[in-house]
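Here is how the chains run, residue by residue.
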2 protein chains.
Amino acid sequence: MKKTDVVIVGGSAAGIEAAITVQKQYKPDRIIVVRKEEKALVPCGIPYIMGTLGSAEKNVMPKALLGDAELIVDEVTSIDREVKSVATAGGETISYDKLILATGSRPIVPPIPGADLKNVFTIRKEIDYLQQLQDALKQAKDVVIVGGGFIGAEFADECRKMGLNVTIVELLEHCLILNCDEDFCIRIEDKIRETGVQVNTTCRVKSIVGDKKTEYIECDKGIRFNADVVILAVGAAPNTELARDAGLEIGKMKGIWVDQYMMTNDPNIFAIGDCAEKFCFFTGKPIATRLASVATREARIAGANLFQPRRRRNQGTIGVFGTMIAGTAIGVAGLTERAAKDFGFDLVTGEAIAVDKHPGAMPGATELRVKLIFDQNSRKIIGGEACGGATAGEIANIMAQAIASGMTANDIATAHVGTHPALTASPLVYQIVKAAEAAVAKLYYIEERVNAILSHKSWTS
Amino acid sequence: MKKTDVVIVGGSAAGIEAAITVQKQYKPDRIIVVRKEEKALVPCGIPYIMGTLGSAEKNVMPKALLGDAELIVDEVTSIDREVKSVATAGGETISYDKLILATGSRPIVPPIPGADLKNVFTIRKEIDYLQQLQDALKQAKDVVIVGGGFIGAEFADECRKMGLNVTIVELLEHCLILNCDEDFCIRIEDKIRETGVQVNTTCRVKSIVGDKKTEYIECDKGIRFNADVVILAVGAAPNTELARDAGLEIGKMKGIWVDQYMMTNDPNIFAIGDCAEKFCFFTGKPIATRLASVATREARIAGANLFQPRRRRNQGTIGVFGTMIAGTAIGVAGLTERAAKDFGFDLVTGEAIAVDKHPGAMPGATELRVKLIFDQNSRKIIGGEACGGATAGEIANIMAQAIASGMTANDIATAHVGTHPALTASPLVYQIVKAAEAAVAKLYYIEERVNAILSHKSWTS
């Protein structure tokens with residue numbers, strides 16, 4: 001039996017970051033990372049293998065990131081919690097003092113007839129599989145992407161760059177509707193269509209049809225789309241078999257249950273990343289956010305708490321994400337307006353549009369639109385969306401810090417910001433600040449209306 | 001006499017933003033903005049007129065920003081605080097209920113012999129004057145920039161783009177040394193030199209020499225530089241004559257004294273922007289930060305407090321700035337390491353370098369370096385510097401929010417961030433988070449050392 005201080009099961013973003021953090025925090029004698037793949041892919045880089053990068057090899061995470069942690073390429077098949085050891089498919093038994101589960105997620109295959117035909121792919125984080133997908137795309141003329149979430153939209157954009165005839169089929173009323181509000185979705189859909197990609201929303205796939213190999217897909221209302229290749233991008237489900245078999249608790253959203261220190265119901269076992277249950281920053285309720293940035297954050301929390309609990313606490317998942325589709329960047333932090341309403345918040349929103357450099361004659365100046373969402377009662381920011389130039393990604397991170405620190409509309413309207421002609425909007429129109437000002441004006445209006453009602457004669461007479 | 005609710009003296013960034021804010025907050029019947037210039041220039045855009053924009057007209061702030069505020073092109077010459085009115089050079093008398101002074105600053109002319117020669121320019125915010133400068137540059141071969149602060153460095157970069165032979169002469173040991181720490185300054189100086197600009201630091205100008213018109217400048221140690229044009233970029237001094245003559249108090253750094261609501265010692269008069277005294281967020285002491293982004297922030301505070309005091313409070317100036325010189329962006333927030341040491345802080349710093357897209361094979365990926373500075377005792381962030389790709393500007397704004405909300409190194413190491421291949425660094429190496437992790441590791445080391453000393457036998461035996 002191999003003896004170690006720490007075993008990490010899974011070596012994608014979460015597993016690697018956990019290995020890095022544990023080494024920094026505790027300098028243990030021996031850490032072993034067990035993963036199935038010799039090479040792990042940058043998860044968010046996967047769509048870009050197809051067109052922009054050109055090969056999966058360009059999207060591999062450097063092994064050097066693991067530092068002094070040992071990598072074993074094998075599959076953990078069971079956990080013995082009594083003995084504190086794991087067994088692998090390769091016949092190894094490895095004892096642990098602390099165990100971190102970072103087993104990730106796997107693509108959901110929707111129950112569509114024909115989903116098992118040749119040239120129907122999901123999005124697996126495996127080099128060989130993605131190579132097959134890329135080879136199939138190189139031979140194809142028509143490709144259908146089932147699912148217009150951000151992964152589906154990114155794949156569509158990349159396939160379009162490969163010169164393919166691309167169709168997105170989305171069940172919901174808009175692409176990206178689980179990530180952004182309708183107005184932002186429409187803007188992105190317009191941009192996608194401008195590049196020649198067909199976008200079909202509120203459209204259900206009934207079957208994938210072909211002789212051994214996909215030929216077309218059939219949707220409701222009898223609509224058909226030719227499809228030499230079909231990519232199923234309808235989400236992912238947490239890999240929890242190992243945890244479940246070991247008797248660890250599973251949460252309502254089917255992830256491994258963890259407390260706010262990322263500890264499972266076994267104090268020697270932690271779970272992080274896509275396989276772990278997530279809880280909403282705003283409501284504490286379980287949510288299904290699965291992002292590499294969330295996974296690595298959880299890894300930094302778990303890694304710090306391994307041997308000295310409660311060094312770091314997870315106050316919940318805010319959910320911050322960015323993407324760039326059809327040349328337009330989007331950054332989102334926290335709740336969308338729709339989600340906030342569903343949660344029962346009374347909302348006030350504020351919007352601002354301005355170019356992202358100044359004056360507008362600066363080369364490369366691109367329009368960037370920001371919407372901020374505030375709770376009417378606390379006046380705190382609970383969400384934000386940015387759309388336009390490439391700084392939208394970091395602008396989402398500004399919004400995230402504002403959310404995490406509980407800034408009010410007034411706080412943001414007087415936030416300390418720096419501006420520069422080549423780097424940001426003008427200080428007179430800086431989008432986040434101006435969106436907050438727009439919300440402040442609405443809040444005053446609401447206050448005046450409330451005061452008017454309260455002071456109305458009918459109350460005092 | 002013209003009667004108004006609000007008179008704003010000065011219509012550059014601060015004055016315009018005040019007009020916008022007052023209208024939003026109070027909807028007064030009449031606001032008058034009095035400024036000397038028919039057209040006001042985007043202040044930070046001025047260097048870019050020379051090369052990138054090509055003309056001052058492309059750098060004018062749209063008059064539409066003023067909304068319903070009236071613009072009077074004239075000069076206010078005196079304030080009658082008893083009567084509550086201002087008099088102008090054009091013979092107008094305008095009464096006010098509330099007065100906002102946004103009189104700005106003017107370039108400092110260093111006491112160098114020859115500073116009055118033809119083709120020696122300062123940096124005035126005046127279209128005609130800047131046109132003369134641009135015309136002189138078009139005729140020139142050699143230009144010397146006196147002062148290697150960020151304005152001087154930006155002018156040098158633009159003159160270089162015009163094909164001129166450019167020399168920077170800086171009195172201090174490095175360019176930008178008042179804005180960034182030495183290591184960042186050296187990196188930028190290297191980049192500037194790579195573009196062919198000569199950089200001479202620790203170099204004092206003794207005189208500007210020429211027959212009516214500048215021909216060369218003479219520095220200490222007998223060094224000479226040819227100079228068909230000399231640009232003096234050694235800072236600016238607040239315009240406070242009007243305030244001083246009206247008996248308003250002046251601060252230690254020579255700005256108009258204001259309280260945390262931007263109110264002068266006259267409750268009906270507010271002062272904002274370059275003419276107003278600034279106080280350090282960290283120490284409360286007067287500082288000489290003059291930036292358009294700070295000016296507009298003060299305008300949003302003053303504008304909200306005019307008729308209903310204390311709606312918004314200024315908790316001090318953090319100082320956030322960005323620039324792009326020789327193709328390299330810099331973003332800085334809060335204190336530099338040097339300034340923090342001068343203020344007596346016990347420091348811990350953390351650094352991280354990574355490309356600003358991921359994987360590194362993504363097109364346009366540029367190295368971006370972040371340094372964060374923490375107070376060893378509170379563990380709170382007190383400063384940050386970013387250098388590299390163009391997102392450094394917005395990254396400074398993330399750091400600023402972290403400073404404003406008092407985030408500790410541990411908080412930042414577990415910050416909620418979003419990442420994307422085309423927009424940010426990888427979640428495994430995201431610079432701000434990793435710089436915080438580096439600081440956390442040092443803090444643990446310090447803690448262990450302190451514990452080791454405290455538990456040493458000599459104390460207990």
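Quick note: structure is the one above.
Each value, and the rule that gives it
Residues numbered from 1 in each chain as written. Chains lettered and ligands numbered in written order. Predicted model: local features only at pLDDT ≥ 70, side-chain atom pairs only at ≥ 80, totals over all residues. Heavy atoms only, no water. Least-squares fit on C-alpha atoms with pLDDT ≥ 70 in both. Contact = heavy atoms within 4.5 Å. Helix = DSSP H or I, 4+ residues; strand = E, 2+ residues; numbered from the N terminus. Buried < 20%, exposed > 50% of the residue type's maximum accessible area, 1.4 Å probe, protein only. Pairing = 2+ DSSP bridges. Axes fitted to C-alpha atoms, helices over the stretch in contact; angles between N-to-C directions. Phe/Tyr/Trp six-rings, centres within 6.5 Å; stacked < 30°, edge-to-face > 60°. Buried area = accessible area lost by both parts, 1.4 Å probe. Salt bridge = Lys/Arg side-chain N within 4 Å of Asp/Glu carboxyl O. Polar contact = N/O pair within 3.5 Å; in protein donor to acceptor, adjacent residues only side chain to side chain. Nonpolar A, V, L, I, M, F, W, Y, C, P; charged D, E, K, R; others polar. Expected span 1.5 Å × (residues − 1). Patch = residues over 30% accessible without salt bridge, like charges linked within 9 Å, V, L, I, M, F, W, Y side chains within 5 Å. Areas by Shrake-Rupley, 256 points an atom, 1.4 Å probe, with all protein chains shown as cover.

(A) Main features of the relation of the copies chain B and chain A. Between the two copies, chain B and chain A, the superposition gives an RMSD of 0.0 Å; the rotation angle is 180° and the shift along the axis is 0.0 Å. Within this description, the copies of the chain are treated as partners about a two-fold rotation axis. The C-alpha atom lying nearest the rotation axis in chain B is that of B:Ile398; the distance is 2.4 Å. The share of interface residues of chain B whose copies in chain A are also at the interface is 100%, consistent with both copies meeting through the same surface.

(B) Structural context of the side chain of B:Asn179. Residues and elements named next belong to chain B. Position of Asn 179 among the secondary structure elements: in the loop between β12 (165–169) and α5 (182–194). We classify Asn 179 as buried; its relative accessible area is 18%. Leave out the neighbours within four places in its chain, and Asn 179 touches Phe 150, Phe 321, Val 332 and Thr 336.

(C) Summary view of the sheet that holds strand β16 (residues 224–226) of chain A. All names here are of chain A. Overall, antiparallel pairing links the three strands, which are arranged β14-β15-β16 in an open sheet. Unpaired on one side and paired on the other, β14 (205–209) and β16 mark the two borders of the sheet. Mean inter-strand twist for the sheet, computed between neighbouring axes without regard to direction, equals 20°. One ladder, built from three bridges, connects strand β15 (residues 216–219) with β16; its direction is antiparallel. By the bridge assignment, Glu 218 is partnered in β16 with Arg 224.

(D) Local environment of the packing of aromatic side chains. Residues and elements named next belong to chain B. In this structure the tally under the stated criterion is eight aromatic pairs over all chains. Taken together, a centroid distance of 5.2 Å and an interplanar angle of 75° make the contact between Tyr 26 and Phe 307 edge-to-face. Residue Tyr 26 is located in helix α1 (residues 13–26), and its partner Phe 307 is located in the loop between α7 (292–305) and β22 (320–325); the two are separated by 281 residues in the primary sequence. By relative accessible area, Tyr 26 is classed as buried at 19%. Under the relative-accessibility criterion, Phe 307 is labelled partly exposed at 31%.

(E) Molecular detail of the interface of chain B and chain A. Facing the 78 residues of chain B at the interface are 78 residues of chain A. Summed over both sides, the interface between chain B and chain A buries roughly 6,300 Å², with carbon and sulfur atoms accounting for 63% of that surface. The largest contributions to the chain B side of the interface with chain A come from B:Glu394, B:His416 and B:Leu428, which together make up 14% of the buried area. In this structure, the salt-bridge partner of B:Glu17 is A:Lys434, at a minimum N-O distance of 2.9 Å. For the interface between chain B and chain A, the tally reads 33 residue pairs in polar contact (both at pLDDT 80 or more). Elements with a minimum of two residues in the side of chain B that touches chain A: α1, α2 (46–53), α7, β22, β23 (328–334), α9 (392–404), α10 (409–413) and α11 (431–454) of chain B. A per-element tally of the side of chain B that touches chain A places α9(B) first, with eight residues. When the residues that make up the side of chain B that touches chain A are grouped by side-chain class, the tally is 42 nonpolar, 25 polar and eleven charged.

(F) Broad picture of helix α9 (residues 392–404) of chain A. Residue and element names in this part refer to chain A. Between the first and last C-alpha of α9 there are 18 Å, a value that for 13 residues agrees with the 18 Å anticipated at 1.5 Å per step. Counting buried positions over the 13 residues of α9 gives twelve, a clear majority of the element. Taken together, the buried positions of α9 are Ala 392, Gly 393, Glu 394, Ile 395, Ala 396, Asn 397, Ile 398, Met 399, Ala 400, Gln 401, Ala 402 and Ile 403. Backbone geometry just after α9 places Gly 406 at a positive phi near 70°.

(G) Molecular detail of the environment of A:Thr349. Along the chain, A:Thr349 falls in strand β24 (residues 347–355). The spatial distance from the C-alpha of A:Thr349 to the C-alpha of A:Ala439 is 5.5 Å, given a sequence separation of 90 residues.

(H) Quick look at the sheet that holds strand β15 (residues 216–219) of chain B. All names here are of chain B. Taken in spatial order, the three strands line up as β14-β15-β16 in an open sheet, and their pairing is antiparallel. A strand with exactly one partner marks an edge of an open sheet, and here the two such strands are β14 (205–209) and β16 (224–226). On average, adjacent strands in this sheet sit at an angle of 20° to one another, irrespective of strand direction.

(I) Structural detail: a nonpolar patch on the surface. Taken together, the side chains of A:Leu171, A:Leu172 and A:Leu178 present a nonpolar region at the surface, about 300 Å² in accessible area. Of note, A:Leu178 is situated in the loop between β12 (165–169) and α5 (182–194).

(J) Representation of the pattern of salt bridges within the structure. Under the definition given, this model contains 50 salt bridges over all chains. The partner of A:Glu337 in a salt bridge is A:Lys341, and the shortest N-O contact between them spans 3.5 Å. A residue pair is termed a helical-turn pair when its members lie 3 or 4 positions apart in one helix, as A:Glu337 and A:Lys341 do in helix α8 (residues 337–342) at four residues. With a relative accessible area of 51%, A:Lys341 lands in the exposed category. We note a salt bridge from B:Lys161 to B:Glu158, for which the minimum N-O separation is 3.0 Å. Remark: B:Glu158 and B:Lys161 occur in helix α4 (residues 150–161); sequence separation between them is three residues, near one turn of the helix. Using a relative accessible area of 45% as the deciding quantity, one classes B:Lys161 as partly exposed.

Take it as geometry only, folks, not as evidence of what the structure does.
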